[in-house]
Amino acid sequence: MKKIVVLVSGNGSNLQAIMDACQQGRINGSIAAVFSNKADAFGLERARNGGIPAHAIEAAQFSDREAFDRQLMLEIDAYGPDLVVLAGYMRILSPAFVARYHQRLLNIHPSLLPKYPGLHTHRQAIDNGDEEHGTSVHFVTDELDGGPVILQAKVPIFAGDSEDEVNARVQHQEHAIYPLVVSWFIDGRLTMRDNAAWMDGEKLPAEGHAFE
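Residues numbered from 1 in each chain as written. Predicted model: local features only at pLDDT ≥ 70, side-chain atom pairs only at ≥ 80, totals over all residues. Heavy atoms only, no water.

**Student:** Can you tell me about the overall build of the chain, naming the residues and giving the values?
**Tutor:** Assigned secondary structure in the chain consists of six helices and ten strands. Relative to the compact-globule value of 17 Å for 212 residues, the chain shows a C-alpha radius of gyration of 17 Å, a close match. Principal-axis analysis of the C-alpha atoms gives the chain an extent of 45 × 40 × 35 Å. Split into buried and exposed, the 212 residues of the chain put 48% on the buried side. Sequence-distant contacts, at least 24 apart, represent 63% of the contacts inside the chain between residues at least 6 apart. Only carbon and sulfur atoms are counted for the fraction: they give 48% of the accessible area of the chain, which is about 10100 Å². Averaging the positions of the 18 positive and the 28 negative side-chain charges in the chain gives two centres separated by 5 Å. (Helix = DSSP H or I, 4+ residues; strand = E, 2+ residues; numbered from the N terminus. Rg over C-alpha atoms; globule rule 2.2 N^0.38 Å. Buried < 20%, exposed > 50% of the residue type's maximum accessible area, 1.4 Å probe, protein only. Contact = heavy atoms within 4.5 Å. Areas by Shrake-Rupley, 256 points an atom, 1.4 Å probe, with all protein chains shown as cover. Lys, Arg positive; Asp, Glu negative; His and termini not counted. Charge placed at Lys NZ, Arg CZ, Asp CG, Glu CD.)

Right, dumping it as structure tokens:
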């Protein structure tokens, strides 16, 4: 059975969605370990509750980002993962980390990339008067939130919506599409090559696979 390592920084709701999908057989793999850069991340508690090894590695113990990532890579590699999944992991990755897990490193970002890379995406969408917003699962490259998009899900923004309301709508979609993409990768249907995402041998368009 293929092994997944998940990185979190906070609540870990996407981690929970992936854990549930593994348990229910919707993902033909298992989560080998969960790592966080924050010892108090609730995602670690979710992992422990699910009987999954949970580890915290905090940046204050290291001289720089590269040293932190070297230790993180050592600890991840001890589990021999087939796939590394970023689920609300809020640290910028070093080039060495991205290179180590090249073509087997996924992230989910709360916008319809390439719109709104970085932080505060819901606020930006509301402030710009967008009527549509969403979330994107993508392969990770050295460009921040810039790797090939695999799958996007769209949500409406209504007049008077708060950030919390938009966030709840987006997260509902995230919990559906992230486990789905993980299952595609684990089943060998999804690959990255030539800086593009490929599904069932077909190169996906810039916006990724159509999801309705």
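Once the structure has been displayed, the description carries forward.
**Student:** Tell me about the nonpolar core, residues and numbers included.
**Tutor:** Counting residues in hydrophobic clusters, the biggest one holds 36 residues, and the most contacted among them are Val 6, Ile 31, Val 34, Ile 150, Tyr 178 and Val 182. Considering every element that reaches this core, the biggest residue donor is helix 6 (residues 163–186), with seven residues. Among residues more than four places away in sequence, those in contact with Val 182 are Ile 4, Ile 18, Ile 27, Leu 83, Val 85 and Leu 106. Counting residues in each nonpolar core, the second largest holds 18 residues, with Val 5, Ile 57, Leu 86 and Val 98 among its members. (Core = buried A, V, L, I, M, F, W, Y, C linked by side-chain atoms within 4.5 Å.)

**Student:** Explain the sheet that holds strand 3 (residues 54–56) to me, and be specific about the residues and the numbers.
**Tutor:** Strand order in the open sheet formed by seven strands is 3-2-1-4-5-6-7, with mixed pairing between adjacent strands. Because the sheet does not close on itself, it has two edges, and the strands there are strand 3 and strand 7 (149–156). Looking at each pair of strands side by side, their axes are set apart by 20 degrees on average, direction ignored. Contacting strand 1 (2–8), strand 2 (29–36), strand 4 (83–86) and strand 5 (105–109), helix 1 (residues 13–23) runs over the sheet at an angle of about 160 degrees to strand 2. (Pairing = 2+ DSSP bridges. Axes fitted to C-alpha atoms, helices over the stretch in contact; angles between N-to-C directions.)

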